[in-house]
Amino acid sequence: MATTHEDTLTAERAEPAFGDREPLVQLQDVKAHFTLRRGIFVSKAVVKAVDGITLEIARGETVALVGESGSGKTTLGRISLRLIEPTEGRVLFDGQDISHVPEGQLLRFRRRAQAVFQDPYASLNNYMTVAQIVEEPLVIHKIGNREERAARVREALDAVRLRPPEEFLSRFPHRLSGGQRQRVAIARALVLDPEYLVADEPVSMVDASSRAEILLVLKDRQEDAGTAILYITHDIATARHFAHRIGVMYLGHLVELGPADRVIDNPLHPYTRLLLEAVPEPDPQNRLKERSIIPGEPPSPANTPPGCPFHPRCPEFMKGTCEAAEPEWKEIEPGHFVACYLY
Amino acid sequence: MAILEVRDLYLYYETPRGPVHAVDGVSFELPEGSALGLVGESGSGKTSLGLALLRLLPKNVDTYKGSIRLEGRELMELSDEQFRREIRWRKIAMAFQGAMNVLNPVVKVWLQIAEPLLLEKTPRPQARARVEELLELVGLSKDVADRYPHELSGGMKQRVVLAAALVMNPKVVILDEPTSALDVSIQAQIMNLLKRLKRELGLSYIFITHDIALASDLCDYLGIAYAGQIVELGTSEQVLLEPEHPYTQGLLESIPRLRSTRLPSFIPGAPPDPVDLPEGCRFRERCPKAFERCTEMPPLLQGKGAGHEVRCWLLAGR
């Protein structure tokens, strides 16, 4: 394990992730292990939600984390926001180690890093107007006077294409569509001008016809303000279009990481390949054939297999190798890494 | 031959603000052994349509009318009692959305699947045998019968929900978002299972979904729903390859394609308030091609030939 991560670091130093820009967010071999009580007298189980991940996100860069439920992508996003303290490893933000800084000293970081979550029906207070919801972070962080705040709220609503903003200011969330609600949630995150944004499945509960609009809002914002974005999704097709790099997660491990186009056009890990084949595209020929499937179901992170975490489901499984030890993290083409014994 | 023929079906709900036009004059035919996908976004009325077909109506129904013919027999003339005894689960069954919440957490799987059998006093050993047969049919082992839902994964629960829908040997199965809560890898497994069941049991499906790509994986015919109406109807080839309605076109363009570098687009705005629908075409406020006539009069579903129907003034020869 130790050598693996040293390799990663040297490789990334040699080939900066995103141009020559300094990484804003650095996750260094982070782990999040939770103990799970199985019963009163029964031994505790350890859930390895995130099990040794190294990842950097540069200013102006979007990194997509793709994976199925239980892959640890949400936990990793939360670690990067310090909503979860890592069990091991370090989290650096703008060069500063925030891994174990007490919450009371994180106020400035909380202003610079923001999040948008999956469910716009749960994340907005139904008893507050759109104006109050978007203004709240400014009030909490004591930014501006009343007029300045009102102006920033209008700007934020305009940025998320809730136009004209005046029409939305006094509305309550229940009178908005799912897509409009999610844009209010994004406006609330953007009103603080964050340098780092974690978008955790921001469009999975939004109608298909409105998804691209929301992702384009984030992309525009990034181009204007140089925001670093961690885009967490199960939808690898949107990741292709809206992220610079894609990281594929499986059971708490990063199994592949590379430029978005390369991961899609030249997938290296067998899991990535199967994931890509499982994506349905609208084609009337589909119904005439069987979908290719990934056999079995993802095992629980409370019971991870030894060696490569994917080996029990892998069509390329090599007995004696894959289950013996974890594969090393290797760079196969510039910036494109994989952890698999095939390489 | 069509196993199910729906003509001018209406289902309105009563609310303090006025009636909600959930299903607003829907007509289609479902040929025996085929699958019709009803694709629509939130508020399009697609789930209400499923409930209307099964006559599972909430208390606040304002209007429920039209014609539903199953194998030529008019179902709207049946009393509720007749419908319950002869049609629901026996001829038309439904696998509900969100397998996680449909199953009763404190009842063993087999009793949940066997419920309609036990209600009609089938002896327990026979009911049990039928359940085991169904579990195998949906790709589960027999010993799932004695488990509780929380012991099963999401994919297994979805298979149980399917087995429960099939218990009375229905001819038509309404599938309401059967895979929306599942991971893509499990989704593919369930879609393959649905294909196999359709082939082996000769089932006819109505597949309700918001995901047109997923619908293309199973459906021979597609109906695109918008604000309570079907705006485009045809074979999967017609709707996917020659979409005529601007909404269908927009929906297809909004899907991010894995193998293309073209950015997906979006349809601006939001669907209309179902209590306060705009005059004329219901899509016109979001339509890039709207013109005067769209404001003046609602377009009708017009045949374009070969069964392809479109509700749009662009097809009326401008």
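One can find the structure itself at the top, above this paragraph.
(A) Geometry of the overall build of chain A. Within chain A, the secondary structure is distributed over eleven helices and twelve strands. For chain A, whose C-alpha radius of gyration is 21 Å, the value lies close to the compact-globule estimate of 20 Å for 343 residues. The dimensions of chain A, computed from C-alpha atoms along their principal axes, are 70 × 55 × 50 Å. Here the analysis covers contacts within chain A between residues at least 6 apart in sequence; of these, 66% occur between residues at least 24 apart. Here chain A displays about 14,800 Å² of accessible surface, and carbon together with sulfur accounts for 49% of that area. Each charge sign in chain A was given a centre, from 41 positive and 49 negative side chains, and these centres are 6 Å apart.

(B) Layout of the overall build of chain B. When helices and strands are counted, chain B shows eleven helices and twelve strands. Relative to the 2.2 N^0.38 estimate, which gives 20 Å for 318 residues, the radius of gyration of chain B is 20 Å and therefore close to what a compact globule would have. Overall, the C-alpha framework of chain B stretches about 65 × 50 × 40 Å when taken along its three principal axes. Relative to its 318 residues, chain B shows a buried fraction of 56%. Long-range pairs, those at least 24 residues apart, make up 62% of the contacts in chain B between residues at least 6 apart in sequence. When the accessible area of chain B is evaluated, it comes to approximately 13,200 Å², of which 50% is carbon and sulfur surface. Each charge class in chain B can be summarised by its mean position, and for the 38 positive and 41 negative side chains these summaries are 4 Å apart.

(C) Representation of helix α10 (residues 246–253) of chain B in the model. Of all eight residues in α10(B), six are buried; the element is thus mostly enclosed. Among the residues of α10(B), Pro246(B), Tyr247(B), Thr248(B), Gly250(B), Leu251(B) and Leu252(B) are the ones counted as buried.

(D) Geometry of the environment of Asn126(A). Residue and element names in this part refer to chain A. Among the secondary structure elements, Asn 126 is positioned in the loop between β6 (113–116) and α4 (130–140). Separated by 64 residues in the primary sequence, Asn 126 and Thr 62 have C-alpha atoms spaced 31 Å apart. Those residues in contact with Asn 126 that sit more than four places away from it in its chain are Phe 172, Pro 173, His 174 and Arg 181.

(E) Focus on the pairing of strand β1 (residues 2–13) of chain B. Residue and element names in this part refer to chain B. Note: β1 against strand β2 (residues 20–31), nine bridges, orientation antiparallel. Bridge pairing links Tyr 12 to His 21 in β2. The antiparallel hairpin formed by β1 and β2 contains six residues in its connecting segment, where Gly 18 sits at a positive phi of about 125°. In the sheet, β1 pairs with strand β4 (residues 61–70) via eight bridges, with the strands oriented antiparallel. Bridge pairing links Tyr 12 to Thr 63 in β4.

(F) Main features of the interface of chain A and chain B. Every contact between the two is made by 44 residues of chain A and, on the other side, 50 residues of chain B. Both sides of the chain A and chain B interface together cover about 4,000 Å² of buried area, and 53% of this is carbon and sulfur. If you sort the residues of chain A by the area they bury against chain B, Pro282(A), Arg287(A) and Arg291(A) come out on top, with a joint share of 18%. Between Asp220(B) and Arg287(A) there is a salt bridge, with the nearest N and O atoms lying 3.0 Å from each other. At the level of elements, α8 (208–225), α9 (236–242) and α11 (270–277) of chain A are the ones that each hand at least two residues to the side of chain A that touches chain B. A total of seven residues in the side of chain A that touches chain B trace back to one element, the largest contributor, which is α8(A). Its residues assigned to classes, the side of chain A that touches chain B shows 18 nonpolar, ten polar and 16 charged.

(G) Geometry of the packing of helix α6 (residues 154–166) of chain B against helix α7 (residues 184–201) of chain B. Residues and elements named next belong to chain B. Axis separation between α6 and α7 bottoms out at 10 Å; the angle between their running directions is 20°. Regarding the angle of α6 to α7, the classification is roughly parallel. Note on packing geometry: the crossing formed by α6 with α7 is right-handed. Of the residues in α7, those in contact with Gly 155, Gln 158, Arg 159, Leu 162 and Leu 166 of α6 are Ile 186, Gln 189, Ile 190, Leu 193, Leu 194, Leu 197 and Leu 201. Per-class residue counts for the contact of α6 with α7 are eight nonpolar, three polar and one charged.

(H) Structural context of the nonpolar core. With 63 residues, the main nonpolar core has Ile113(B), Leu175(B), Tyr205(B) and Leu218(B) as its most contacted residues. Sort the elements by how many residues they give to this core and α6(B) lands first, with seven residues. In contact with Ile113(B), not counting residues within four places along its chain, are Val131(B), Leu134(B), Leu135(B), Val160(B), Ala163(B), Ala164(B) and Val167(B). The next biggest cluster of nonpolar side chains, apart from the first, holds 62 residues, and it includes Leu197(A), Val203(A), Phe242(A) and Leu274(A).

(I) Main features of the sheet that holds strand β9 (residues 221–226) of chain B. Residues and elements named next belong to chain B. Spatial strand order, β6-β7-β8-β3-β9-β10-β12-β11: eight strands in an open sheet with mixed pairing. Whereas interior strands pair on both sides, the edge strands pair on one side only; in this sheet they are β6 (92–95) and β11 (301–303). For this sheet, the mean inter-axis angle between neighbouring strands, taken without regard to orientation, is 20°. Bridge count for strand β10 (residues 229–235) against strand β12 (residues 309–311) is two bridges, and the pairing is antiparallel. Bridging across to β12, Glu 232 finds its partner in Val 310. In the packing of helix α1 (residues 46–53) onto the sheet, contacts are made with β3 (35–39), β6, β7 (172–176) and β8 (204–209), and the angle to β8 comes to roughly 145°. The sheet strands contacting α6 are β6 and β7, and the helix crosses β6 at an angle near 170°.

(J) Expanded view of unusual backbone geometry. Residues and elements named next belong to chain A. Backbone torsion omega between Arg 163 and Pro 164 reads -10°, so that peptide bond is classified as cis. Structurally, Pro 164 is set in the loop between α5 (146–159) and α6 (166–169). Phi angles above zero are rare outside glycine, and Arg 161 is one such case at about 65°. With respect to the secondary-structure elements, Arg 161 resides in the loop between α5 and α6.

(K) Fine view of the pattern of salt bridges. Within this structure, the stated rule accounts for 43 salt bridges over all chains. Salt-bridge contacts for Arg175(A) lead to Asp273(B); the nearest nitrogen and oxygen are separated by 4.0 Å. Taken together, the residues Arg175(A) in the loop between α6 and α7 (178–190) and Asp273(B) in the loop between α10 and α11 (292–296) connect one chain to another. Relative accessible area serves as the criterion here: at 48%, Arg175(A) is assigned to the partly exposed category. Classification of Asp273(B) by relative accessible area gives partly exposed; the value is 23%. Between Asp146(B) and Arg128(B) there is a salt bridge, with the nearest N and O atoms lying 3.0 Å from each other. One end of the pair, Asp146(B), is in the loop between α5 (124–137) and α6; the other, Arg128(B), is in helix α5, and 18 residues separate them in sequence. What emerges from the salt-bridge pattern is a single network uniting Arg59(A), Asp94(A), Arg112(A) and Glu195(A).

Criteria and thresholds
Residues numbered from 1 in each chain as written. Chains lettered and ligands numbered in written order. Predicted model: local features only at pLDDT ≥ 70, side-chain atom pairs only at ≥ 80, totals over all residues. Heavy atoms only, no water. Helix = DSSP H or I, 4+ residues; strand = E, 2+ residues; numbered from the N terminus. Rg over C-alpha atoms; globule rule 2.2 N^0.38 Å. Contact = heavy atoms within 4.5 Å. Areas by Shrake-Rupley, 256 points an atom, 1.4 Å probe, with all protein chains shown as cover. Lys, Arg positive; Asp, Glu negative; His and termini not counted. Charge placed at Lys NZ, Arg CZ, Asp CG, Glu CD. Buried < 20%, exposed > 50% of the residue type's maximum accessible area, 1.4 Å probe, protein only. Pairing = 2+ DSSP bridges. Buried area = accessible area lost by both parts, 1.4 Å probe. Salt bridge = Lys/Arg side-chain N within 4 Å of Asp/Glu carboxyl O. Nonpolar A, V, L, I, M, F, W, Y, C, P; charged D, E, K, R; others polar. Axes fitted to C-alpha atoms, helices over the stretch in contact; angles between N-to-C directions. Parallel < 35°, antiparallel > 145°, perpendicular 65-115°, else oblique. Left-handed = near helix turned anticlockwise from the far one by under 90°. Core = buried A, V, L, I, M, F, W, Y, C linked by side-chain atoms within 4.5 Å.

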